[in-house]
Amino acid sequence: MCSPSQNSQIHFIRITYISYLYLFYCIFYIFAIKEEKLREQLDLMKFRTMKQNNITSNTNKLLLAKKNRGKLGEMCIEDKNFTLSIEDYDTLEQFLGKKDFSEGRIPISTVKLFTAFIVKLTETGCNNSVVEISLSELAKMYGKDITKNTLKDLRKQINKDMKILRNVKITYTPKRRNIACGEDYIDTYLFGGTKGIKNNIIFFKFNEDFFKILQNQKTFLYLPMELFGFNEKYNPHSYLLLQYITEHRRINTGRINENKIKVKSIYEHCKTLPRYEDIQNNRAVNERIITPFERDLDNIQSFTWEYEKGQPFTFNEWLESYIVVNWGNYPIIPIKNRKGVKRR
């Protein structure tokens, strides 16, 4: 048998051992929590907040769409209750490729800049119609290295893009008037009279009517940062594909179809893909529409995707099919009480 003093020592050793185990556990737990928070912060860094409604979405979509000549020489396109026109279009020929100019298509770089301006306005509280962003910050958003030559090239491109945005006019007639959601009649230019780059700071003033719509818009989405980094030369459709699928998730958060989307809806939004009526035969449909669609979806890193019921065989089957999207670590959006929302 152990003496009382030996028992006391054994008890002390046990207590000390347990205390150290508990201490190590606490340290491990604290570091695990910090690591988890760091991962969350890094995930959030992959997204930027942006006010979004039908007007911003349609502007993005129709800027990249094929347009027709208007009576006054402008290029315009009408899509349901939204019309976008580019006035004094012939003055922009020097900024556009020959094919893009003939079809009235605007470079994706211009649409990226427009989106970056909305993001910056959103994150600064949308208190001023003049958006300001440094060349360095924009270069980071675009995923570019910040070098002297990079900033020089970016400056040239931004000046061209702002000259294009200056001529854009939009007209929107909502099905029902809802000012709180930015759903009100609008007939205005995007540009409000001031633009330029000074001391490496880009500034662009939005038209006050357009700006008020952004101010009144209460909802926003988390925009994946990779949207700004796509190489439009190799993946010209990834931008609109990711934009639409991100908006679909925001609109349908909590619903059964949150991550399930009909291909026909995506195709109607992705105006950079050729239209079916402009293609002569079925083989060309696969090569010019379906294959580029799948390729540029595969190019997106924010999610993985697959057809819900396997690969469709014909164009009509493709249009009527659904894709299922599996997002990575997408930020959680609060679910409002609304019809059709499932409870988790």
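Remember, it's a predicted structure, so these values are computed and weren't measured experimentally.

Undergrad: Help me understand the packing of aromatic side chains in this model?
TA: For any pair of aromatic rings, the description consists of the separation of the ring centres together with the inter-plane angle of the planes. Scanning the model with the defined rule gives 22 aromatic pairs in all. Site record: aromatic cluster; members linked through ring pairs are Tyr 267, Tyr 276, Phe 293, Trp 305, Tyr 307, Phe 315 and Trp 318. Lys 260 extends its terminal NZ or CZ atom over the ring of Tyr 322, reaching a point 4.9 Å from the ring centre. When the ring centre of Tyr 267 is taken as reference, the NZ or CZ atom of Arg 275 above it lies at 4.1 Å.

Undergrad: When you look at the sheet that holds strand 3 (residues 75–79) in this model, what are you seeing that I'm missing?
TA: Sheets are built from strands paired through backbone hydrogen bonds, the pairs being either parallel or antiparallel. With antiparallel pairing, 5 strands are arranged side by side in an open sheet as 2-3-4-6-7. Each edge of the sheet is formed by a strand with only one pairing partner; in this case those strands are strand 2 (68–69) and strand 7 (186–189). Of the strand pairs in this sheet, strand 3 and strand 4 (residues 82–86) are connected by 5 bridges, and their pairing is antiparallel. Residue pairing in the sheet places Ile 77 in a bridge with Leu 84 of strand 4. The strands touched by helix 2 (residues 54–63) within the sheet are strand 3, strand 4, strand 6 (168–172) and strand 7, with strand 4 carrying the most contacts at an inclination of about 50°.

Undergrad: Can you help me understand the nonpolar core in this one?
TA: What tends to happen in soluble globular proteins is that the nonpolar side chains get buried as a cluster. By size, the foremost hydrophobic cluster in this structure holds 92 residues, and its most contacted members are Phe 117, Leu 138, Phe 206, Phe 210, Trp 318 and Ile 323. Sorting elements by how many residues they give to this core places helix 4 (residues 108–123) first, with 9 residues. Discounting chain neighbours no more than four positions away, the residues touching Trp 318 are Val 263, Tyr 267, Ile 289, Ile 290, Phe 293, Tyr 307 and Pro 312.

Undergrad: Before we go on, may I ask you to explain the packing of helix 2 against helix 8 (residues 238–251) in this structure?
TA: Helix-helix packing: each pair is described by the crossing angle between the helix axes and the interaxial distance. At their nearest, the axes of helix 2 and helix 8 sit 11 Å apart, and the two run at 160° to each other. By the angle between their axes, helix 2 is roughly antiparallel relative to helix 8. The way helix 2 lies across helix 8 gives a crossing that is left-handed. Of the residues in helix 8, those in contact with Ser 57, Asn 60 and Lys 61 of helix 2 are Tyr 239, Leu 240, Gln 243 and Glu 247. For the contact of helix 2 with helix 8, the per-class residue count stands at 2 nonpolar, 3 polar and 2 charged.

Undergrad: Explanation requested: the sheet that holds strand 8 (residues 191–198) in the structure shown.
TA: If you walk across this open sheet you meet the 3 strands as 5-9-8, and the pairing is antiparallel. A strand with exactly one partner marks an edge of an open sheet, and here the two such strands are strand 5 (130–134) and strand 8. Pairs of neighbouring strands in the sheet enclose a mean axial angle of 10°, with direction left out of account. Here strand 8 runs beside strand 9 (residues 201–206); their pairing, made up of 5 bridges, is antiparallel. Paired with Phe 191 across the two strands is Phe 206, which belongs to strand 9.

Undergrad: Could you clarify how one ought to interpret the pattern of salt bridges in this entry?
TA: Two side chains of opposite charge can pair, provided their charged atoms sit close to one another. Applying the stated criterion across every chain yields a total of 13 salt bridges. Of the charged contacts, one joins Arg 69 and Asp 90 as a salt bridge, the two residues approaching to 2.7 Å between their closest N and O atoms. One end of the pair, Arg 69, is in strand 2; the other, Asp 90, is in the loop between strand 4 and helix 3 (98–103), with 21 residues separating them in the sequence. A residue is classified by how much of its surface remains accessible, and Arg 69, at 44% relative accessible area, is partly exposed. We classify Asp 90 as partly exposed; its relative accessible area is 48%. Where Lys 262 meets Glu 320, a salt bridge forms, and the shortest distance between an N and an O atom there is 2.8 Å. Highlighted residues: Lys 262 in strand 11 (residues 260–262) and Glu 320 in helix 11 (residues 315–320), separated in sequence by 58 residues. Overall, the relative accessible area of 44% leaves Glu 320 in the partly exposed class.

Undergrad: Which parts of the structure should I look at to understand the packing of helix 4 against helix 7 (residues 208–216)?
TA: Relative to each other, helix 4 and helix 7 sit at 55°, their axes nearing to 11 Å. In this view, helix 4 runs oblique relative to helix 7, as classed from their interaxial angle. Note on packing geometry: the crossing formed by helix 4 with helix 7 is right-handed. In contact with Phe 114, Ile 118 and Leu 121 of helix 4, helix 7 contributes Phe 210, Phe 211 and Leu 214.

Parameters at a glance
The written sequence of each chain sets the order in which its residues are numbered from 1. Two thresholds apply to this predicted model, a pLDDT of at least 70 for residue-level local features and 80 or more for giving and counting side-chain atom pairs, whereas whole-chain, interface and lining totals are computed over all residues. Where side-chain values are given, they derive from all heavy atoms of the structure, hydrogens and water being excluded. Aromatic pairs are defined between Phe, Tyr and Trp rings, using the six-membered ring for Trp, whenever the two ring centres lie within 6.5 Å; interplanar angles under 30 degrees are classed as stacked, those over 60 as edge-to-face, and all others as tilted. By the criterion adopted, a ring carries a charge over it if an Arg CZ or a Lys NZ lies within 6 Å of its centre and within 35 degrees of its normal. Strands qualify as paired when DSSP identifies two bridges or more between them. Strands here are runs of E lasting at least two residues and helices are runs of H or I lasting at least four, both read from the DSSP assignment and numbered beginning at the N terminus. Residues are treated as being in contact if the distance between any of their heavy atoms lies within 4.5 Å. Lines fitted to C-alpha atoms define the axes, with helix axes restricted to the stretch in contact, and inter-axis angles between N-to-C directions lie between 0 and 180 degrees. The definition of a nonpolar core used throughout is a set of buried Ala, Val, Leu, Ile, Met, Phe, Trp, Tyr and Cys residues joined through side-chain atoms within 4.5 Å. Partly exposed residues are those whose accessible area sits between 20% and 50% of the maximum for their type, while under 20% is buried and over 50% is exposed, using a 1.4 Å probe and protein chains only. Here the word oblique covers every angle except those under 35 degrees (roughly parallel), over 145 (roughly antiparallel) and from 65 to 115 (roughly perpendicular). By the definition used in this description, the sense in which the near helix is turned from the far one sets the handedness, with an anticlockwise turn below a right angle giving left-handed and a clockwise turn giving right-handed. Classification used: nonpolar for Ala, Val, Leu, Ile, Met, Phe, Trp, Tyr, Cys and Pro, charged for Asp, Glu, Lys and Arg, polar for all others including Gly. Put simply, a salt bridge is a Lys or Arg side-chain nitrogen that is within 4 Å of an Asp or Glu carboxyl oxygen.

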